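Commentary on secondary and tertiary structure
Letter by letter, the chains look like this.
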Amino acid sequence: AVCPDWGSLTLGVFVCQACSLLHRSIPHISRVKSVQDTWDDSEVELMAAMGNSAAKAKYEQKVPAFYYRPMHTDCKLLREQWIRAKYERNEFEFIEKQEPYSAGYREGFLWKRGRDNGQFLSRKFVLSEREGALKYFNKQDARDPKAVMKIETLNATFQPAKIGNPCGLQITYLKDNSTRNIFVYHSDAKEMVDWFNAIRAARFHYLQVAFPGASDEELVPKLTRNFMKEGFMEKTGPKHTEGFKKRWFTMDDRRLMYFKDPLDAYARGEVFIGSKENSYTVLAGLPASTQGYHWNHGITIVTPDRKFLFACETEAEQRDWIAAFQRVINRPMRPQEYAVEAHFKHKP
């Protein structure tokens, strides 16, 4: 964060207020103090002797390229485990401490939400780079997995509020080119972040093979992604005469998915959002003849084939959704995205 206004007297680094609270949870490692307080000479000398750049050179000397470096806006779990990994466990000074997420193979038990009853049950998960897949098994001694998720289409994003658990992770993958959601958590925060970074490592090594000329800087943004926007909107059907229904929407890059419930395993439908060069536009409001909506802040997405009509509860939500759509539409399509668009057009 800009202008950090707290300092760690023991580590010699400046931190933002949000992270200062996390530093307080490891008092045996870090003792923090506001820059507004009175500092004695020895404390000032310690900060001058170390500082953030020198601390980074020491504590982050061997961070793997795939390891997720949290921003101050990320969830508490990621920020806290990053702080503990650096200063408490010294994971980035000793490579052998990175084995849980660097080995190319990981197995263990996670609590997984049941697709039909919403109950979380313990399931065995196996991530294998050699097999190119993340699998889970319904029974401990089962030979065949319940699901095989190819690393090629795998994504993971922390969703503590949506899942209702501080360690809640949403895993998505493509099955028959449709998005499938799996919701998991583990009671141990380190365990959950290790799973997340193991998935990122598997994706990194897959992409290195798929794009041999690409640099780490080009590949790292492709490892995992947070959704561009999520929330409730109303929608109507293709004839625009059906009543509007409230649905949960997720904007995942160029895929706009809608669900009856935020924790549904499968989307009720998906809309491909292309670029302005390909005749995709977003407009505030609905056509004058539209009826059947309850929320008054409309959005119309125009595609080469049809118009999609949505309604938001508030003007602020409408503004945020339009901004998210506009960001995607303003971005030229990559060659592989044309194949995705073609699949959407041929969906029954």
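The structure presented is a predicted model; accordingly, all values stated were derived computationally and were not measured. (Residues numbered from 1 in each chain as written. Predicted model: local features only at pLDDT ≥ 70, side-chain atom pairs only at ≥ 80, totals over all residues. Heavy atoms only, no water.)

Here's the deal with the overall build of the protein
When its secondary structure is counted, the protein shows ten helices and 17 strands. Buried positions account for 49% of the 348 residues belonging to the protein. By sequence separation, contacts in the protein at least 24 residues apart represent 50% of the contacts at least 6 residues apart. For the protein, the computed accessible surface area is about 17,900 Å², with 51% contributed by carbon and sulfur atoms. Here the protein contributes 52 positively and 44 negatively charged side chains, and the mean placements of these two sets differ by 6 Å. (Helix = DSSP H or I, 4+ residues; strand = E, 2+ residues; numbered from the N terminus. Buried < 20%, exposed > 50% of the residue type's maximum accessible area, 1.4 Å probe, protein only. Contact = heavy atoms within 4.5 Å. Areas by Shrake-Rupley, 256 points an atom, 1.4 Å probe, with all protein chains shown as cover. Lys, Arg positive; Asp, Glu negative; His and termini not counted. Charge placed at Lys NZ, Arg CZ, Asp CG, Glu CD.)

Considering unusual backbone geometry
Within the chain, Asp 176 stands out as a residue other than glycine whose phi angle is a positive 55°. Looking at where Asp 176 falls in the secondary structure, it is placed in the loop between β9 (169–175) and β10 (178–185). We classify Asp 176 as exposed; its relative accessible area is 70%. In this structure, Asn 177 is a non-glycine residue whose phi angle is positive, near 60°.

Things to note about the sheet that holds strand β1 (residues 6–8)
On the basis of which strands lie adjacent, the open sheet formed by three strands has the order β2-β1-β3 and antiparallel pairing. Strands at the two margins of the open sheet, each flanked by one partner only, are β2 (13–15) and β3 (32–34). Taking each pair of neighbouring strands and ignoring which way they run, the sheet shows an average axis angle of 30°. Note: β1 against β2, three bridges, orientation antiparallel. Looking at β2, one finds that Trp 6 is bridged to Val 15. Along the sheet, helix α2 (residues 41–49) contacts β1, β2 and β3; its crossing angle with β1, the most-contacted strand, is approximately 85°. (Pairing = 2+ DSSP bridges. Axes fitted to C-alpha atoms, helices over the stretch in contact; angles between N-to-C directions.)

What to know about the pattern of salt bridges
Here the structure, examined in full by the defined rule, presents 19 salt bridges. A salt bridge links Glu 230 to Lys 162; the shortest N-O distance between them is 2.7 Å. Placement of the pair is Glu 230 in strand β11 (residues 229–235) and Lys 162 in helix α6 (residues 160–163), with a sequence separation of 68 residues. The partner of Arg 255 in a salt bridge is Glu 270, with the nearest N and O atoms 2.7 Å apart. Of this pair, Arg 255 sits in strand β13 (residues 255–259) while Glu 270 sits in strand β14 (residues 269–272), and the two are 15 residues apart along the sequence. For Arg 255, a relative accessible area of 9% translates into the label buried. (Salt bridge = Lys/Arg side-chain N within 4 Å of Asp/Glu carboxyl O.)

Topic: the domain arrangement of the protein
Think of interface size as the accessible area that goes away when the parts come together; that is how it is often given. With domains assigned, the protein is organised as domain 1 (6–95), domain 2 (101–220) and domain 3 (229–346). A C-alpha centroid distance of 42 Å is found between domain 1 and domain 3. (Domains from an automatic or database assignment.)

Re the side chain of Glu 91
For Glu 91, the position within the fold is in the loop between α4 (76–88) and α5 (99–102). In terms of polar contacts, Glu 91 uses its side chain to reach the side chain of Arg 89, at 2.6 Å. What Glu 91 contacts, discounting residues up to four positions off in sequence, is Tyr 67, Ala 85, Lys 97, Gln 98, Tyr 101 and Lys 190. (Polar contact = N/O pair within 3.5 Å; in protein donor to acceptor, adjacent residues only side chain to side chain.)

Description of helix α7 (residues 189–210)
Here α7 contains 22 residues, and its C-alpha end-to-end distance of 32 Å stays within 8% of the 32 Å for a straight helix at 1.5 Å per residue. In this structure Asp 188 caps α7, since a side-chain oxygen of it lies 3.0 Å from the backbone nitrogen of Lys 190. (Expected span 1.5 Å × (residues − 1).)

As for the packing of α4 against α7
One way to put it is that α4 packs onto α7 with a least axis distance of 10 Å and a crossing angle of 95°. The orientation of α4 relative to α7 falls into the category roughly perpendicular. Every residue of α7 that contacts α4 at Leu 77, Leu 78 and Gln 81 is listed here: Ala 189, Lys 190, Val 193 and Phe 196. Here the residues of the contact of α4 with α7 sort into five nonpolar, one polar and one charged. (Parallel < 35°, antiparallel > 145°, perpendicular 65-115°, else oblique. Nonpolar A, V, L, I, M, F, W, Y, C, P; charged D, E, K, R; others polar.)

Describing the environment of Ile 29
Position of Ile 29 among the secondary structure elements: in the loop between α1 (17–23) and β3. Separated by 19 residues in sequence, Ile 29 and Thr 10 have C-alpha atoms that sit 7.1 Å apart. Beyond its immediate sequence surroundings of up to four residues, Ile 29 is in contact with Thr 10, Leu 11, Tyr 87 and Glu 88.

Observations regarding the nonpolar core
In this structure, Leu 134, Met 149, Phe 158 and Ile 171 are the most contacted members of the largest nonpolar core, which totals 41 residues. For this core, the elements supplying multiple residues, two or more each, are α4, β5 (120–128), β6 (133–137), β7 (147–150), β8 (155–158), β9, β10 and α7. Looking at this core element by element, the count peaks at ten residues for α7. Both domain 1 (6–95) and domain 2 (101–220) contribute no fewer than three residues apiece to this core. Those residues in contact with Leu 134 that sit more than four places away from it in its chain are Phe 125, Val 126, Leu 127, Ala 147, Val 148, Met 149, Leu 154, Ile 171, Trp 195 and Ile 199. One finds Ile 301, Phe 308, Phe 310 and Ile 329 within the second-largest nonpolar core, a separate group that totals 22 residues. (Core = buried A, V, L, I, M, F, W, Y, C linked by side-chain atoms within 4.5 Å.)

Side note on the side chain of Arg 203
Tracing the backbone through its elements, the reader meets Arg 203 in helix α7. For the buried Arg 203, which has no salt bridge, the nearest side chain bearing the opposite charge is Glu 152, at an N-O separation of 7.7 Å. Discounting chain neighbours no more than four positions away, the residues touching Arg 203 are Ile 151, Glu 152, Thr 153, Leu 154, Lys 222 and Leu 223.

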